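Take a look at the letters that make up each chain.
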Amino acid sequence: MSAPHRILLVEDEELNRMLVKAVLARADIATVREAELVDAESLAAARSRLATGRFDLILLDLNLPDGNGLSLARELAGHSPPKPHVVAVTASVLPQDQKAALDAGCDDFLDKPYAAADLVATVARHLPS
């Protein structure tokens, strides 16, 4: 049996982190439900977690207390494979913000508030089989 997938959740709001954890823990897709979820409340914490381990997916809030999540997405875009998939998660639904996230190296975009099913489907789509 292979090791579970690892997901880094970069989100400054504790309530949002708790919600994501609860939704993923109850997912009807085993690879999502069994994934190890590690959280980071800031860009600095995310960089620290990334320096000490491999992740398959990053759920990346864009508005963080110590900067814009897109700066981390740009840093990761320059890394050699295997690069984790990055999903930008933000309350901004403007088309130019979605384009900026994809241009910065994000693989997908999920706008808040999102339905639990959309979160699970997005995570499942980006976890390696």
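Above this text sits the structure in question.
In this report, we go over the structure that sits alongside the text.

Rules behind the numbers
Residues numbered from 1 in each chain as written. Predicted model: local features only at pLDDT ≥ 70, side-chain atom pairs only at ≥ 80, totals over all residues. Heavy atoms only, no water. Phe/Tyr/Trp six-rings, centres within 6.5 Å; stacked < 30°, edge-to-face > 60°. Lys NZ or Arg CZ within 6 Å of the ring centre and 35° of its normal. Buried < 20%, exposed > 50% of the residue type's maximum accessible area, 1.4 Å probe, protein only. Helix = DSSP H or I, 4+ residues; strand = E, 2+ residues; numbered from the N terminus. Pairing = 2+ DSSP bridges. Core = buried A, V, L, I, M, F, W, Y, C linked by side-chain atoms within 4.5 Å. Axes fitted to C-alpha atoms, helices over the stretch in contact; angles between N-to-C directions. Contact = heavy atoms within 4.5 Å.

Re the packing of aromatic side chains
Considering all chains together, one arrives at zero aromatic pairs under this definition. Between the NZ or CZ atom of arginine 6 and the centre of the ring of phenylalanine 55, over which it lies, the distance is 4.3 Å.

Things to note about the pairing of strand β3 (residues 57-61)
Here β3 lies mainly inside the structure; five of its five residues are buried. Where burial is concerned, the two faces of β3 agree: the one with Leu57, Leu59 and Asp61 and the one with Ile58 and Leu60 are both buried. Where strand β1 (residues 6-10) and β3 come together, four bridges link them in parallel fashion. The residue of β3 that forms the bridge with leucine 8 is isoleucine 58. With five bridges connecting them, β3 and strand β6 (residues 85-90) associate as parallel partners.

Some details on the nonpolar core
Among the nonpolar cores identified, the biggest contains 23 residues, and Leu8, Val10, Leu50, Ile58, Leu60, Leu72 and Cys106 are the most heavily contacted of them. Mapped onto this core, the elements with two or more residues apiece are β1, β2 (36-40), α3 (43-52), β3, α4 (69-77) and β6. Within the second largest apolar cluster, 18 residues are counted, among which are Leu59, Val89, Tyr114 and Val120.

With respect to unusual backbone geometry
Excluding glycine, most residues fall at negative phi; most peptide bonds, likewise, are trans. In this structure, proline 113 follows lysine 112 across a cis peptide bond, with omega equal to -5 degrees. Mapped onto the elements, proline 113 comes out in the loop between β7 (108-111) and α6 (116-126).

Side note on the sheet that holds β6
Pairing in this open sheet of five strands is parallel, and the strands run β2-β1-β3-β6-β7 from one edge to the other. Two strands in the sheet have a free side with no partner beyond their single neighbour: β2 and β7. With direction set aside, neighbouring strand axes in the sheet form an average angle of 20 degrees. Sheet analysis places β1 next to β2, joined by five bridges and oriented parallel. By the bridge assignment, isoleucine 7 is partnered in β2 with leucine 37. Running over the sheet, α4 touches β3 and β6 and is turned about 150 degrees from β3. Each of β1, β3, β6 and β7 is contacted by α6, which is oriented at about 170 degrees to β7, the strand it contacts most.

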